[in-house]
Amino acid sequence: GVVDGFRQAARNALRTGFDGVEIHGANGYLIEQFLQSHTNVRTDQYGGSIENRARFLMEIMQAVIGVWGADRVGVRLSPYGVANDSGESDPMPLYTHVIKSLDPLGLAYLHFVEPRSSGAGRAEVNHQNVPSAMVLFRPIWNGVLISAGGFTGETAEAAIAAGHADAIAFGRIFISNPDLPRRLKHGFPLTPYNRATFYGGEEAGYTDYPVYGELERA
């Protein structure tokens, strides 16, 4: 029934006019709860072995691909992440299996949350001495790879130049810089964000940040 719910959501998105959908398998949400051994204590075909724990994700992917086609479907994962009490004791075997299972599907992209930014919530985090998901798993993923979490314009360029990722996604600094692509392209300074306003509230700290020219005039 839950897999059918994802299928129906995909149909709704298609009918509404979306360009594609991303399946959220990260950050301690339901799919990651199935993937990780410390939350998945089932004894049926969805629990126990890595293959069984990955079954839920793979069934969802097949359901959504059936609606959209693989080239309009992405998936987000957070290996070594610690958001919402998540965290696999030995992530490499689990995520190696998951990524190798996803790779033949021909997805639009695989999207990582880098471990250094995992578990932020309302607190500002930048975990040190943690692995890089894109560096670890790029060698076993043949499709488009997107990574997100704590990047600057310079580190994003470096990651792409090194071949670790094909694109970098930005979240926090996009909130406070609605013209972020232009600012990065031209080297304009960035407006700091106010994390306390990220979750809930009204327009303050969400839609009231000016673009660079308006800021200068002000």
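See above for the structure.
Report on the accompanying structure. Predicted model, so just to flag it, every value in this text is computed and none were measured. (Residues numbered from 1 in each chain as written. Predicted model: local features only at pLDDT ≥ 70, side-chain atom pairs only at ≥ 80, totals over all residues. Heavy atoms only, no water.)

### Re the layout of surface pockets
Threshold: Only protein atoms enter the 1 Å grid, on which a cavity is a set of points fitting a 1.4 Å probe that cannot get out and a pocket is an open set with protein on both sides within 12 Å along at least 5 of 7 lines, lining residues being those with an atom within 4 Å of a point. Grid points are joined across faces, edges and corners, and a volume is the space filled by probe spheres set on the points. Note on conventions: DSSP H or I runs of at least 4 residues are helices, E runs of at least 2 residues are strands, and numbering of each starts at the N terminus. Under the scheme applied, nonpolar residues are Ala, Val, Leu, Ile, Met, Phe, Trp, Tyr, Cys and Pro; charged residues are Asp, Glu, Lys and Arg; polar residues are all the others, including Gly.
Counted as a void, the second largest pocket has a volume near 220 Å³. G153, E154, R183, L184 and K185 are the residues nearest the centre of the second largest pocket, which is lined by 13 residues in total. Those elements that place two or more of their residues in the lining of the second largest pocket are α7 (153–161) and α9 (180–186). A class-by-class count of the residues in the lining of the second largest pocket yields six nonpolar, three polar and four charged.

### Some remarks on helix α5 (residues 91–102)
The condition that has to hold: Expected helix span is computed as 1.5 Å times (number of residues minus one). Burial status follows relative accessibility: with a 1.4 Å probe on protein chains alone, a residue under 20% of its type maximum counts as buried, one over 50% as exposed, and anything between as partly exposed. This arc is taken over the directions from the axis of the helix to the C-beta atoms. Contact criterion: two residues are considered in contact whenever any of their non-hydrogen atoms come within 4.5 Å of each other.
Between its terminal C-alpha atoms α5 stretches 16 Å, which fits the 16 Å expected from twelve residues at 1.5 Å a residue. Taken residue by residue, α5 has P91, L94, Y95, V98, I99 and L102 as its buried positions. For α5, the buried positions fall inside an angular range of 120° around the axis, keeping them on one side. Against the buried residues of α5 lie α2 (30–35), α3 (50–53), α4 (55–68), β2 (73–77), β3 (109–113) and α6 (133–137).

### Quick look at the packing of helix α1 (residues 2–16) against α4
Quick reminder of the rule: Axis lines are fitted to C-alpha atoms, over the contacting stretch for helices. Their N-to-C directions set the angle, which ranges from 0 to 180 degrees. Between 65 and 115 degrees an angle is taken as roughly perpendicular, under 35 as roughly parallel, over 145 as roughly antiparallel, and anywhere else as oblique. The crossing is said to be left-handed when, going from far helix to near helix, the turn is anticlockwise and less than a right angle, and right-handed when the turn is clockwise.
At a minimum axis distance of 9 Å, the contact between α1 and α4 shows a crossing angle of 30°. Classified by the interaxial angle, the pair formed by α1 and α4 is roughly parallel. Between α1 and α4 the crossing geometry is right-handed. Together, V2, V3, F6, R7, A10, R11, A13 and L14 of α1 and F56, E59, I60, A63, V64, V67 and W68 of α4 make up the contact between the two elements. Residues belonging to the contact of α1 with α4 are distributed by class as follows: twelve nonpolar, no polar and three charged.

### Observations regarding the sheet that holds strand β5 (residues 167–169)
Short version of the rule: For two strands to be treated as a pair, DSSP must find no fewer than two bridges joining them.
Reading across the sheet, the five strands line up as β1-β2-β3-β4-β5 and stay open at both edges, with parallel pairing between neighbours. Each edge of the sheet is formed by a strand with only one pairing partner; in this case those strands are β1 (21–25) and β5. Across the sheet, the mean angle from the axis of one strand to that of its neighbour is 25°, orientation sign disregarded. In this sheet, β3 lies alongside β2 in parallel orientation, the contact comprising four bridges. Looking across to β3, one finds that L77 is bridged to F112. Along the sheet, α5 makes contact with β2 and β3, crossing β2 at roughly 175°.

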